[in-house]
Amino acid sequence: MNAEKKNEGYYEDAHGNKIYGKRDNLSFVFTGYDSEVRIGENLKVSGNFEICMGAGSIVKIGDNVKLNCSEITVQDNSILSIGDGSEILYYIQKPIWKRGIISK
């Protein structure tokens, strides 16, 4: 199944990768299967932001989050959770995220 509804808040590709939530100015590169992204309300992104995701990874972005970065790489079978009201306001160049939580 290949569903693309960027402004309606849902995406699914033929490899089981899914995105829930609006993703304006966000792009995702899926390098494997069965990854999931959940984006909360009122996300603010400065410029373009890319998340590269390995297989079986989960990214959760809470409500009222501000991102001013360029790219994050999330390894296979990893979880990245950015809590409600969090701000990432610096330039990140290819950090590799294995496990963890960013919270306000």
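All figures in this text were calculated on a predicted structure; none of them were measured in a lab.

Draft legend 1. Representation of the sheet that holds strand β11 (residues 87-88). Taken in spatial order, the three strands line up as β6-β9-β11 in an open sheet, and their pairing is parallel. Bordering the open sheet on either side are β6 (44-45) and β11, each of which pairs with just one other strand. Examined bridge by bridge, strand β9 (residues 66-67) and β11 share two bridges and lie parallel to one another. Looking at the pairing, leucine 67 lines up with isoleucine 88 of β11.

Draft legend 2. Focus on the environment of valine 74. By the element assignment, valine 74 lies in strand β10 (residues 71-82). Given the relative accessible area of 1%, valine 74 is considered buried. For the pair valine 74 and isoleucine 51, spaced 23 residues apart in sequence, the C-alpha separation works out to 7.3 Å.

Draft legend 3. The arrangement of the layout of surface pockets in detail. Approximately 180 Å³ is the volume found for the largest pocket. Gly21, Lys22, Asp24, Ile39, Gly40, Glu41, Asn42, Leu43 and Val45 are the residues that line the largest pocket. Tallied by class, residues from the lining of the largest pocket come to three nonpolar, three polar and three charged.

Draft legend 4. Fine view of the pairing of β10. Here strand β7 (residues 49-53) pairs with β10 via four bridges, running parallel. Considered in β10, the bridge of methionine 53 is made with valine 74. Looking at chain direction, strand β8 (residues 58-61) and β10 are connected through four bridges and run parallel. The partner of isoleucine 61 across the bridge, within β10, is isoleucine 82.

Draft legend 5. Examining the environment of valine 45 more closely. By the secondary structure assignment, valine 45 is in strand β6. For valine 45 and lysine 66, which are 21 residues apart along the polypeptide, the C-alpha to C-alpha distance reads 5.9 Å. Sequence-distant contacts of valine 45, defined by excluding residues within four places in its chain, comprise Asp24, Asn25, Leu26 and Leu67.

Draft legend 6. Focus on the pairing of strand β4 (residues 26-30). Alternating residues of β4 divide into Leu26, Phe28 and Phe30, all buried, and Ser27 and Val29, none buried. Bridge analysis of β4 against β7 gives five bridges, and the strand direction is parallel. Counted as the bridge partner of valine 29 is cysteine 52 from β7.

Draft legend 7. Molecular detail of the nonpolar core. Residues Leu26, Phe28, Ile61 and Leu67 are the most contacted members of the largest nonpolar core, which totals 22 residues. Residue contributions to this core peak at four residues, all from β10. The contact partners of phenylalanine 28, leaving out residues within four places of it in the chain, are Ile19, Arg23, Val37, Ile39, Ile51 and Met53.

Conventions we followed
Residues numbered from 1 in each chain as written. Predicted model: local features only at pLDDT ≥ 70, side-chain atom pairs only at ≥ 80, totals over all residues. Heavy atoms only, no water. Pairing = 2+ DSSP bridges. Helix = DSSP H or I, 4+ residues; strand = E, 2+ residues; numbered from the N terminus. Buried < 20%, exposed > 50% of the residue type's maximum accessible area, 1.4 Å probe, protein only. 1 Å grid on protein atoms, 1.4 Å probe; cavity = no way out; pocket = protein on both sides within 12 Å on 5 of 7 lines; lining within 4 Å. Points joined across faces, edges and corners; volume = space filled by probe spheres on them. Nonpolar A, V, L, I, M, F, W, Y, C, P; charged D, E, K, R; others polar. Contact = heavy atoms within 4.5 Å. Core = buried A, V, L, I, M, F, W, Y, C linked by side-chain atoms within 4.5 Å.

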